[in-house]
Amino acid sequence: MWNEARIREGLERRLSGLGASAERRARIRDAVATCQKEERMMKRKLSMALVAALALVAIAAAVAVAEGLNLFQLFGQRDERYAKVAQEAALETVQPVQVEDERLGEVQAAIDGAYFDGLTLSVAFRIDNAAGCEAYTPTAEELDGMERTDAMFAAVMQDEPGAEVITAFNEAAAAGQPGGYRRYSLSAGDQTRTDDGIDIPPSQADGRYTADGAYCEMRDFATPLPEAIRDRESLTLCIPLYRFETTVYFDGASWYMRTEREDAGVVTAEVGRAQAQAQRMSGQARIGGATCTAEAEVSAMSAVLTVRSDMPLDNFLAAPPEGTAPADCWVTADVYDDDGAMWRVQEVNAEATQVTFTLEGTGSLPDALKVYLYAAWEGGEPDLSGVEPIELTR
């Protein structure tokens with residue numbers, strides 16, 4: 001379990017999805033996964049050769065960073081969307097930050113790449129020599145200034161500097177043995193703004209350490225972007241940096257924690273607008289006796305799709321089994337592009353006669369989308385064999 005100090009730091013460094021709709025997103029993902037289960041089993045059974053290839057990806061990722069390749073290429077080894085737009089993620093200007101820390105030494109932080117197309121924004125940054133940790137027993141005076149907390153067994157990221165210290169502490173504390181540690185780090189704040197003060201809401205992030213102790217993160221932002229920046233030809237992005245010192249101690253019976261944070265600068269970079277800009281698409285179809293009209297704004301990385309009908313959605317979509325609680329039912333869609341790739345549903349906002357989806361793209365701008373709209377429910381497996389698609393074109 002994450003301790004409180006690590007949670008506080010995580011809020012600055014590692015983003016989660018939008019909490020208000022986490023359960024709905026989880027149900028959507030589960031429904032899509034269930035409906036596509038047989039297809040995935042046929043297409044994605046892992047051979048021994050593929051297992052070995054996936055293992056090599058992790059090695060290649062470390063090599064990629066060591067050789068100074070664009071971080072979009074690094075993260076693209078696990079999510080090909082980023083690899084596909086890596087060439088357009090080059091920055092026009094970069095202003096890195098260098099911090100001298102008495103414990104970490106020289107820490108360098110910089111935005112490495114960013115992709116901006118008017119609808120979406122993805123930013124990759126890197127912090128070299130980002131963290132360190134040492135076993136530590138606080139003095140009696142220090143212990144008086146620490147906060148008493150519940151048990152705080154800390155999670156450890158792969159290749160995280162000082163991981164062995166935290167792992168040893170966890171094992172000792174689990175055995176009832178007293179001990180502690182102090183962790184030092186320089187982390188990026190979760191707030192990203194333009195140089196003229198426009199806040200860009202975050203959506204999700206993927207962070208990892210490399211074998212040489214660098215922290216790398218790919219950060220995606222909510223789709224669509226704020227209206228005030230969507231038509232700009234370039235953005236100057238600013239991400240704050242913070243220095244953290246976290247002390248955790250277990251005396252054999254009680255747990256204690258203290259976290260200190262101070263400003264450490266701001267990394268900035270200018271990103272130009274991508275050539276492959278967002279496109280508008282539309283289409284219409286009859287579904288269950290209702291006329292459904294779909295409109296979408298689509299980019300390589302994401303899409304916002306709205307479907308409107310001339311009657312309430314629950315009047316023509318397949319009804320769940322009798323007795324299913326309304327809270328366990330929702331409207332969703334399977335969306336495919338002209339190459340047959342699925343655009344995964346990330347967010348849903350349903351009303352009586354319309355529903356809006358935020359979709360995750362594939363890294364390529366499609367010429368057409370095919371939308372299968374249906375109702376799903378907890379524990380169910382909807383039959384999509386008779387669902388007519390709405391075909392959207394530019």
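Some points on the overall build of the chain
- When its secondary structure is counted, the chain shows ten helices and 21 strands.
- Within the chain, residue pairs in contact and separated by at least 24 positions form 70% of the contacts whose partners lie at least 6 positions apart.

Overview of the confidence of the model for the chain
- When pLDDT is averaged across the chain, the result is 85; 82% of the residues are at 70 or more.
- Across residues 1-68, confidence stays below pLDDT 50; counting only partners more than four residues off in sequence or on other chains, it has 110 contacts.

Observations concerning the packing of aromatic side chains
- Per the counting criterion, the structure on display carries seven aromatic pairs.
- The interplanar angle of 80 degrees and the centroid separation of 6.0 Å between the aromatic rings of F72 and Y82 together place this pair among those described as edge-to-face. Of this pair, F72 sits in helix α5 (residues 71-76) while Y82 sits in helix α6 (residues 80-84); the two residues are ten residues apart in sequence, bridging distant segments of the chain. Here F72 and Y82 have matching classes, each one buried.
- Between F169 and Y181 the ring centres are 5.1 Å apart and the planes differ by 75 degrees, which places this aromatic pair in the edge-to-face class. In this pair, F169 sits in helix α8 (residues 163-174) while Y181 sits in strand β7 (residues 179-188), placing the two residues twelve residues apart along the sequence. Here F169 matches Y181 in class, with each residue buried.

Examining the nonpolar core
- The biggest cluster of nonpolar side chains holds 34 residues, and the ones touching the most others in it are I111, L121, V123, I127, L237 and L241.
- Contributions of two or more residues to this core are made by β2 (97-101), β3 (105-116), β4 (121-128), β7, β11 (215-221), β12 (234-250) and β13 (255-272).
- Looking at which element gives the most residues to this core, the answer is β3, with five residues.
- In this structure I111 touches L91, V94, V123, A124, F125, L237, I239, V267, T268 and A269, once residues within four positions along its chain are discounted.
- If you look at the next biggest cluster of nonpolar residues, it comprises 29 residues, including A296, A303, F316 and L369.

Re α8
- Helix length check: α8, at twelve residues, gives a terminal C-alpha distance of 16 Å against a target of 16 Å (1.5 Å per residue), a fit within 8%.
- G176 sits one or two residues past α8 and shows a positive phi near 85 degrees.

Let's talk about the side chain of T268
- Among the structural elements, T268 can be located in strand β13.
- The residues contacting T268, other than those within four sequence positions of it, are V94, Q95, I111, L237 and C238.

So, the pattern of salt bridges
- Counting across every chain of the model gives 23 salt bridges.
- One salt bridge connects E262 with R243, and the closest N-O pair in it is separated by 2.4 Å. One end of the pair, E262, is in strand β13; the other, R243, is in strand β12, and 19 residues separate them in sequence.
- For E262, a relative accessible area of 41% translates into the label partly exposed.
- Among the ionic pairs, E360 bridges to R344, the shortest N-O distance being 2.7 Å. Separated by 16 residues along the polypeptide, E360 in strand β19 (residues 354-360) and R344 in strand β18 (residues 342-350) bring together distant segments of the chain.
- R344 gets classed as partly exposed once you look at its relative accessible area, which sits at 43%.
- Salt bridges sharing partners connect three or more residues here, namely D79, R81, D220, R344 and E360.

Some remarks on the sheet that holds strand β10 (residues 202-209)
- Here five strands make up an open sheet; going across it, the order is β2-β3-β4-β11-β10 and the pairing antiparallel. Whereas interior strands pair on both sides, the edge strands pair on one side only; in this sheet they are β2 and β10. This sheet shows a mean twist of 20 degrees between the axes of neighbouring strands, independent of strand direction.
- In the sheet, β2 pairs with β3 via five bridges, with the strands oriented antiparallel. Residue pairing for β3: D101 is matched across the bridge by G105.

Overview of the pairing of β3
- In this structure, the hairpin formed by β2 and β3 is closed by a connection of three residues.
- Taken together, the eight bridges between β3 and β4 define a ladder with antiparallel strand orientation. Pairing of I111 across the sheet is with F125, part of β4.
- Where β3 folds back onto β4 in an antiparallel hairpin, the turn is made up of four residues, including G118, whose phi is positive at roughly 95 degrees.

Structural notes on unusual backbone geometry
- Here T223 and P224 are connected by a cis peptide whose omega angle stands at 0 degrees.
- Checked against the element boundaries, P224 lands in the loop between β11 and α9 (227-230).
- Phi at N129 takes a positive value of approximately 60 degrees, unusual for a residue other than glycine.
- Since its relative accessible area comes to 30%, N129 is described here as partly exposed.
- Phi is positive for D159, close to 65 degrees, though the residue is something other than glycine.
- Inspection of the secondary structure assignment puts D159 in the loop between β6 (147-149) and α8.

A few points about the pairing of β12
- With 15 of 17 residues buried, β12 lies mostly within the body of the structure.
- Where β7 lies against β12, ten bridges are found, and the strand directions are antiparallel. Within β12, the residue paired with G180 across the bridge is Y249.
- Both strand β8 (residues 192-194) and β12 contribute to a ladder of two bridges, which runs antiparallel. Paired with R193 across the bridge in β12 is C238.
- Alignment of β12 against β13, held across 17 bridges, turns out to be antiparallel. For E245, the partnering residue across the bridge sits in β13 and is E260.
- Connecting the antiparallel pair β12 and β13 is a turn made up of four residues, with G252 showing a positive phi of about 100 degrees.

About the cut-offs
Residues numbered from 1 in each chain as written. Predicted model: local features only at pLDDT ≥ 70, side-chain atom pairs only at ≥ 80, totals over all residues. Heavy atoms only, no water. Helix = DSSP H or I, 4+ residues; strand = E, 2+ residues; numbered from the N terminus. Contact = heavy atoms within 4.5 Å. pLDDT = per-residue confidence, 0-100. Phe/Tyr/Trp six-rings, centres within 6.5 Å; stacked < 30°, edge-to-face > 60°. Buried < 20%, exposed > 50% of the residue type's maximum accessible area, 1.4 Å probe, protein only. Core = buried A, V, L, I, M, F, W, Y, C linked by side-chain atoms within 4.5 Å. Expected span 1.5 Å × (residues − 1). Salt bridge = Lys/Arg side-chain N within 4 Å of Asp/Glu carboxyl O. Pairing = 2+ DSSP bridges. Axes fitted to C-alpha atoms, helices over the stretch in contact; angles between N-to-C directions.

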